[in-house]
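# Structural overview for review
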Amino acid sequence: MIRRHPALLTVLLLLACLPSAAAQGIAVLVGSADGRAGRKPDAGQVNEPFAVAFDGSGRLHGVEFMRGNRLFRLPSAGAAPEFLAGTFHVTDTKQPPFPAAAGPAGGQRFHGLHDLAIGTDGTVYLADTFNHVIRAYDPGSATVRSIAGTGTVGFGGDGGPAAAAAFNQPYCCALEPDGRGLLVCDIRNARLRRIDLAGGTVTTVAGNGTSGRPVDGAVAIESPLTGPRAACRAPDGTIYLALREGNALLAIRDGRIRTVVNAAGKAGFGGDDGPANAALLAGPKYVSLDRAGRVLIVDTENQCVRRYDPATGTITTVAGMPTKAGTALGADWRSTHLDRPHGAAIDPDGRLVVVDSENDRILVGAID
């Protein structure tokens with residue numbers, strides 16, 4: 001009879017619970033380590049995730065784009081996703097909007113969810129892009145209602161009720177640090193708008209409705225914008241705005257606008273560890289802040305996540321292998337391949353979470 005030492009048994013059990021060697025550095029929160037499982041979306045899986053946010057309990061919530069059109073939640077680490085809102089269906093940009101009627105969450109017909117934000121009361125705000133509205137999911141009643149936009153394509157309503165305003169493809173819905181306002185990138189109207197959640201009104205923060213490169217120091221609401229795709233507000237009041245077609249990151253402070261990454265606006269990759277204004281981006285799709293107040297830029301078409309440091313004015317790559325799409329998980333972020341990521345956030349434990357969209361997965365790992 002072989003006697004096993006209790007301490008050895010404990011070590012063996014711990015080793016058995018660890019992820020595979022390939023995933024020890026960067027782990028998969030949801031999805032497959034091998035990337036997209038099949039060409040056809042599966043209602044039982046997360047399909048084409050685009051953004052994530054965390055509630056007060058630290059639970060991850062995310063949205064699917066047009067391969068699923070649902071809001072989901074991970075109830076705990078390693079658990080299967082719970083689908084909270086939206087009927088599973090596949091759409092494309094030619095599909096006309098669905099009526100945005102209030103009612104039970106499970107019966108909603110979302111159309112190309114791009115972003116979400118979670119308030120302190122647990123309300124989940126959703127950018128229902130191709131329905132041209134901002135929706136709100138109430139976890140207590142499991143219902144969804146519209147808070148901004150009529151669903152009719154257009155521009156209008158500034159200064160009045162957000163529910164009566166017109167939008168044209170709202171892509172981003174980012175909560176301000178105090179939770180009082182929601183920044184909305186109204187991309188086809190070439191504007192960044194703000195919803196006052198207490199008053200229920202909407203105003204324009206930047207953009208004059210025309211496409212073009214803004215001039216440094218110009219009045220933000222008088223400036224052209226080329227593809228305002230995602231925004232976030234820092235605690236000091238600065239708003240950072242990513243331009244998708246403009247391939248740049250802007251900073252808006254005291255009503256004035258300036259370019260802080262890629263002054264040339266040229267699409268490409270370059271400039272790491274140097275002056276951010278001289279760097280290149282390619283179709284950035286998302287921005288968020290890390291704990292040090294640095295800006296995480298999801299440089300989607302470069303297959304990576306970059307980080308802009310306002311204190312030094314420099315930029316560096318923090319995740320992905322620039323310009324190289326793939327599925328391989330590495331020992332760290334810089335040796336991990338991504339495929340058209342669309343979201344990035346810092347989780348409650350200070351780790352980086354990346355939404356690896358074309359791989360149908362969400363990844364997590366340590367970051368400095």
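Let me begin by describing the structure that accompanies this report. (Residues numbered from 1 in each chain as written. Predicted model: local features only at pLDDT ≥ 70, side-chain atom pairs only at ≥ 80, totals over all residues. Heavy atoms only, no water.)

## Section: the sheet that holds strand β20 (residues 274-275)
The strands making up a sheet are joined through hydrogen bonds of the backbone, oriented either antiparallel or parallel. Pairing within the open sheet is antiparallel, and its 5 strands lie in the order β20-β24-β23-β22-β21. One side of each edge strand has no neighbouring strand; the edge strands of this open sheet are β20 and β21 (286-289). Bridge count between β21 and strand β22 (residues 295-299): 4 bridges; the pairing is antiparallel. Its bridge partner lying in β22, S288 is registered against L296. (Pairing = 2+ DSSP bridges. Helix = DSSP H or I, 4+ residues; strand = E, 2+ residues; numbered from the N terminus.)

## Some words on the sheet that holds strand β6 (residues 103-104)
With antiparallel pairing, 5 strands are arranged side by side in an open sheet as β6-β10-β9-β8-β7. With one partner strand each, in any of the chains shown, β6 and β7 (113-118) form the two edges of the open sheet. By the bridge criterion, 5 bridges tie β7 to strand β8 (residues 124-128) in an arrangement that is antiparallel. Bridged to L116 within β8 is L126.

## Observations regarding the pattern of salt bridges
Tallied over the full model, the rule gives 23 salt bridges. The residue R194 makes a salt bridge to E176 at a minimum N-O spacing of 2.9 Å. Taken together, the positions of R194 in strand β13 (residues 191-196) and E176 in the loop between β11 (170-175) and β12 (181-186) put the pair 18 residues apart, joining distant regions of the chain. Salt bridges linked by common partners bring R36, R67, E358 and D360 together as one network. (Salt bridge = Lys/Arg side-chain N within 4 Å of Asp/Glu carboxyl O.)

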